[in-house]
Structure formats: structure tokens, C-alpha cells
Amino acid sequence: MNASWSERLAGIAWPSVIEALDQQGAAVVKGLLSAEECSDLAALYADSQRFRSKVVMARHGYGRGEYQYFDYPLPPLVAGLREHAYPALVPLANRWHEALGLEARFPETLAAFLTRCHEAGQARPTPLLLRYGAGDYNCLHQDLYGEHVFPLQLAILLSKPGEDFDGGELVLTEQRPRMQSRPMVLTPNQGDAAVFAVRHRPVQGTRGFYRVQMRHGVSRISRGQRCTLGVIFHDAT
């Protein structure tokens, strides 16, 4: 019998993920969702009643393609992933904030963190489905939606590379002080989750920690259709 997504999430070797995030600002978790779960989530894109807004990227200079933000209540799988991945990342999030000299600390549960967001006027859900066709791409950006920002997020590939689409790699860049940007390309398979920094991360230098700015985007899709689930932990204003 195949393991459920919750069992797969519980079975993640989080120390290895945390180590990669500390070293590179990104990590790939293999096989978090099954092919069936990916297909079911991708099919939700056609159900407009599940979403609070739709963004056509070319209209805003974000790239090409489109995405939709889920409305509350979130689909059970999306809500579950968000709720159960959050506490695994909280210790790293707090350690990063301490290293960067940032005052904010994150509570142990997602519910407590979302209460903080909502009390500050960040009450709109941010998990989203993104859909790209041939020729589409996503410009480098940061997913910031208000004062309260959890420093890590997930992107789960719902389509199958080489079969559903070609191209469309996940691209990340980091900008270190007084240095040129360093690119990184991730090539997850269907059902894999990329975990990466939202805005910045600490890097150990000779005089302590310094701040590295992170951005992410998607390279041009050369064929087919690429669908992704984005799981962002803070809500939006």
C-alpha cells in the first residue's frame, strides 16, 4: 500500500534538508506527492470557485503564464501540507532570524503564526497554483505580502518533466554583498518539493554572519504545460 502524503512528509530526513538550506538556501524533497495527488491538484485550476484571485503575469510585467491564489478554506491536501511542513522549518527560521539580528521569532504552530498575520491585516491566503504554457516563464522575484514574512516556502511540481513539458527549470539567485549574483538551477521531478528561502538567508563570514538576498523564478517552457503548487506560510494584506 502506498504511503499517504502525511506519512511521506513525516518520513522526510529533515536534518539533510536543513543542512542543504543552510549551505545553498534551497533543497529538494523527493516524492512528496504521488502522481495521482499531483493530477488531482492540477485539475483544481479549472474550478474558479476555489480561488480568490487570478493573475495573468504579462499584464504586470511578471513574465508569462498565470496563477491563481486559493481562497479559504484551502483544499485539505494544501492545508495539510502547509500545517505540517511549517513546524519542521520553524527552528531553522528562528535560527536564521537570530543570525541576521532580526527581532521576529516564529511560534511553533502555523495557526499561531497566521493569527499574528491576520491581526496585522494579512488575512488573504497565499498558497497558489501556477500554470505555464510554451513560451512562458516567471521573472526572478520574492514572495513578500506584508510585514510578517516566514523565511521559507515550498514549490511542488505537479507536471512531469520530459512528458508534460520541456524547459521550465526552477531558477534561484543569491546576491552577496559586493559580489555578482550566483545562479542555481533545480530540476525537480513530478511530486518533488523544492524548499527555498523567500527573501534572504545568513551566510557565515570571517566577521560573523552576513545577509544574502535570494530570488527565484522559472526559465522558459519550450513545450507543453507546467503546473506547480506554491505553499507560502504567511498570508497577504
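Above: the structure in question.
Draft legend 1. View of helix H4 (residues 76–100). An ideal rise of 1.5 Å per residue puts 36 Å on 25 residues; H4 measures up with 35 Å between its terminal C-alpha atoms. Along H4, the helix axis deviates most sharply at Leu89, where the bend reaches about 45°; the proline Pro91 sits within four residues downstream. Immediately downstream of H4, the backbone of Gly101 shows phi near 75°, a positive value.

Draft legend 2. Quick look at empty space enclosed by the protein. Applying the stated criterion across every chain yields a total of 1 cavity of 30 Å³ or more. If you go around the largest cavity, the residues you meet are Gln24, Leu172, Thr173, Glu174, Arg182, Pro183, Met184 and Met214. Looking at the lining of the largest cavity, the elements with two or more residues in it are strand E9 (170–175) and strand E10 (182–186).

Draft legend 3. Local environment of unusual backbone geometry. For the bond from Tyr72 to Pro73, the omega torsion is -5°, close enough to zero to count as cis. Here Pro73 lies in the loop between strand E4 (66–70) and H4.

Draft legend 4. Focus on the packing of aromatic side chains. Following the criterion strictly, the structure yields 11 aromatic pairs and no others. Ring geometry for Tyr67 against Tyr69: centres 5.6 Å apart, planes inclined by 85°, an arrangement best described as edge-to-face. For the pair Phe150 and Phe233, a centre-to-centre distance of 5.3 Å together with 70° between the ring planes defines the contact as edge-to-face. Placement of Phe150 in the loop between strand E6 (137–141) and strand E7 (152–157) and of Phe233 in the segment after strand E15 (226–232) is noted, with a sequence separation of 83 residues between them. Accessibility expressed as a relative area gives 0% for Phe233, which makes it buried. Connected via pairs of aromatic rings, a cluster forms that spans Tyr86, Phe106, Phe113, Phe150 and Phe233. One residue, Arg52, lies across the ring of Tyr69, its end atom 4.5 Å from the ring centre.

Draft legend 5. Region of interest: the layout of surface pockets. The volume enclosed by the largest pocket comes to roughly 500 Å³. Looking at the largest pocket, it is lined by 33 residues, and the ones nearest its centre are Leu130, Asn138, His141, Asp143 and His216. Contributions of two or more residues to the lining of the largest pocket are made by E4, strand E5 (128–132), E6, E7, strand E11 (193–197), strand E13 (208–218) and E15. Broken down by element, the residue count for the lining of the largest pocket peaks at 5 residues, all from E7. In terms of residue class, the lining of the largest pocket is built from 22 nonpolar, 8 polar and 3 charged. Taken as a whole, the second largest pocket encloses approximately 180 Å³ of empty space. Along the wall of the second largest pocket there are 13 residues; nearest its centre are His97, Ala104, Glu147, Val149 and Arg199. Of the residues that constitute the lining of the second largest pocket, the class distribution is 7 nonpolar, 3 polar and 3 charged.

Conventions adopted
- Residues numbered from 1 in each chain as written.
- Predicted model: local features only at pLDDT ≥ 70, side-chain atom pairs only at ≥ 80, totals over all residues.
- Heavy atoms only, no water.
- Helix = DSSP H or I, 4+ residues; strand = E, 2+ residues; numbered from the N terminus.
- Expected span 1.5 Å × (residues − 1).
- Bend = angle between axes of the 7 residues up to and from the residue.
- 1 Å grid on protein atoms, 1.4 Å probe; cavity = no way out; pocket = protein on both sides within 12 Å on 5 of 7 lines; lining within 4 Å.
- Points joined across faces, edges and corners; volume = space filled by probe spheres on them.
- Phe/Tyr/Trp six-rings, centres within 6.5 Å; stacked < 30°, edge-to-face > 60°.
- Buried < 20%, exposed > 50% of the residue type's maximum accessible area, 1.4 Å probe, protein only.
- Lys NZ or Arg CZ within 6 Å of the ring centre and 35° of its normal.
- Nonpolar A, V, L, I, M, F, W, Y, C, P; charged D, E, K, R; others polar.

Remember that the coordinates give geometry; whether it matters functionally is a separate question.
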